Amino acid sequence: MSNTDPAPAEVACVASPFAGVLHPREVPLGGPRAIRVRRTLPQRERSLIGAWCFADHYGPQDVRDGPGMDVPPHPHTGLQTVSWLFSGEVEHRDSAGVHAMVRPGELNVMTAGAGICHSEVSTSATTVLHGVQLWVALPDSDRDTGRDFAHFVPTPRAVGGATLRVFLGELGSARSPVHTFTPLLGAQVDLEPRCAATFDVDPAFEHGVLLDQGDVTVGDAALDVADLAFAAVGSTELTLTNRGDHPARVVVLGGPPFPEELVMWWNFVGRSHDEIATYRAQWQDHDDRFGAVHGYQGRVSRLPAPALPNATLRPRRNPGV
């Protein structure tokens, strides 16, 4: 998914002493009639949870009478995109030659590495579009790796009154085989009505819990839809409670504090202003760094990059490590 903000602000990806609940902001995914997404990461209070650096939640939205999702080819560097749906279907095409479908309960991970471009379009089979799009920052040692793509369907596991689907990392007795470049946790947890579930977690990890639906508390913190509860390192347990009379669903994210300085602007993750400016110029010049997407038939052939801000983009040291 692209950050389609026509004037994206600089994001200094940095940890902070914040511990609590992050509230989302709504942004359009494309033009004036496009679907809107709720963006929780990054923001001023916190821009990273482990290496997770971007989180959009969207839907449930009936797209039968609207354009649905139609994101033209756009570039990425220095990250992995993690696509996870609750309902609907999205067609993915990228410049590594991958043509795949994103479906509910099936993980798609695209590794941008040194550079990739891709498109995302909800299919005609979609009536209700609903899911999350996440980004993971790559460490300096691996951020120039080659383009790659992984697909995985986690087996649902019952844990008391909860159902667990671990798509990255390990939680409970479930583990994902998908390779990540730093230790990560990514999981969907469905909670039955009036149910509480407690999981042992790695105390070296920061954790975030994104609410999709239901009346859920994380510890003592109550969440609204698309809120993200954050817990700093040191916790050995994570307790999720559905206080409502209907099923609830959350996405759990985690990882050790990311130790490197980052600059994230538009769809690029880099380390300096000059790197970001170079990536932008290369995308505008159709450089081979990003390749080309074949088969996309949307309204424009590719997304143009917005103008750089009239200031120097500066990374900051992560004070949490």
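Residues numbered from 1 in each chain as written. Predicted model: local features only at pLDDT ≥ 70, side-chain atom pairs only at ≥ 80, totals over all residues. Heavy atoms only, no water.

### With respect to the overall build of the chain
Regarding its fold elements, the chain presents one helix and 27 strands. Taking 2.2 N^0.38 as the reference for a compact globule, 321 residues should give roughly 20 Å; the C-alpha atoms of the chain span a radius of gyration of 19 Å, in line with that estimate. With respect to the three principal axes, the spread of C-alpha positions in the chain is 55 × 45 × 35 Å. About 13200 Å² of surface is accessible on the chain, with carbon and sulfur atoms providing 47% of the total. (Helix = DSSP H or I, 4+ residues; strand = E, 2+ residues; numbered from the N terminus. Rg over C-alpha atoms; globule rule 2.2 N^0.38 Å. Areas by Shrake-Rupley, 256 points an atom, 1.4 Å probe, with all protein chains shown as cover.)

### Thoughts on the UniProt feature "domain: Pirin C-terminal" (unreviewed entry) in the chain
In the numbering used here, UniProt assigns the feature "domain: Pirin C-terminal" (unreviewed entry) to residues 188-286. Summarising residues 188-286: 12% helix, 48% strand, and an end-to-end C-alpha distance of 38 Å. (UniProt positions renumbered as here; feature names shortened; annotations may be inferred.)

### Quick word on the sheet that holds strand 24 (residues 237-242)
What the four strands build is an open sheet, ordered 19-24-21-22; its pairing is antiparallel. Where the open sheet ends on each side, the last strands, each with one partner, are strand 19 (195-200) and strand 22 (221-222). Note: strand 19 against strand 24, six bridges, orientation antiparallel. Residue Ala196 lies in a different strand from strand 24, and its bridge partner there is Thr241. (Pairing = 2+ DSSP bridges.)

### Section: the sheet that holds strand 20 (residues 206-213)
Adjacent strands of a sheet form backbone hydrogen bonds with each other and so pair up, either parallel or antiparallel. Across the sheet, which stays open at both edges, the seven strands sit in the order 2-23-20-25-18-15-14 with antiparallel pairing between neighbours. Here the strands that pair on one side only, and so sit at the sheet edges, are strand 2 (21-22) and strand 14 (157-159). Relative to strand 18 (residues 185-191), strand 15 (residues 162-168) runs antiparallel, the two sharing six bridges. Bridging from a neighbouring strand, Leu164 pairs with Val189 of strand 18.

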